[in-house]
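The lines below spell out each chain.
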Amino acid sequence: MASINYYQTINDIPESQGKEVLLKILNSPKADSAKLQKIADDYEKKALEMMKSEKKE
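Here is what the cut-offs are and how they apply
- Residues numbered from 1 in each chain as written.
- Predicted model: local features only at pLDDT ≥ 70, side-chain atom pairs only at ≥ 80, totals over all residues.
- Heavy atoms only, no water.
- Helix = DSSP H or I, 4+ residues; strand = E, 2+ residues; numbered from the N terminus.
- Buried < 20%, exposed > 50% of the residue type's maximum accessible area, 1.4 Å probe, protein only.
- Areas by Shrake-Rupley, 256 points an atom, 1.4 Å probe, with all protein chains shown as cover.
- Salt bridge = Lys/Arg side-chain N within 4 Å of Asp/Glu carboxyl O.

**Student:** Got a minute to help me understand the overall build of the protein in this structure?
**Tutor:** When you go through the protein residue by residue, the secondary structure sums to 2 helices and 0 strands. Within the protein, the fraction of its 57 residues that count as buried is 4%. A total of about 5,900 Å² of accessible surface is found on the protein, and carbon and sulfur atoms cover 57% of it.

Written as structure tokens, this is what we have:
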């Protein structure tokens, strides 16, 4: 397996499935961190509520 050093560019990588995956990752849109954090907070609140209700029963 070939490695990429500091002086190589994407164009120096031979065409392969790995290069295709790498390009998809590099070209994908950035995640909306604020939205993901809100979703995580909502799940955490729901999980805490469920654990509290289970303890009461």
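**Student:** What is the right way to read the pattern of salt bridges from this model?
**Tutor:** Two side chains bearing opposite charge may form a pair once their charged atoms approach each other closely. Across all of its chains, the model carries 3 salt bridges by this definition. Note that E15 and K19 form a salt bridge whose closest N and O atoms lie 3.1 Å from each other. Under the relative-accessibility criterion, E15 is labelled exposed at 69%. Overall, the relative accessible area of 7% leaves K19 in the buried class. Of the charged contacts in the structure, one is a salt bridge between K24 and E20, with a shortest N-O distance of 3.8 Å. Here the residue K24 and the residue E20 both occupy positions in helix α1 (residues 17-27), the gap between them amounting to 4 residues, near one helical turn.

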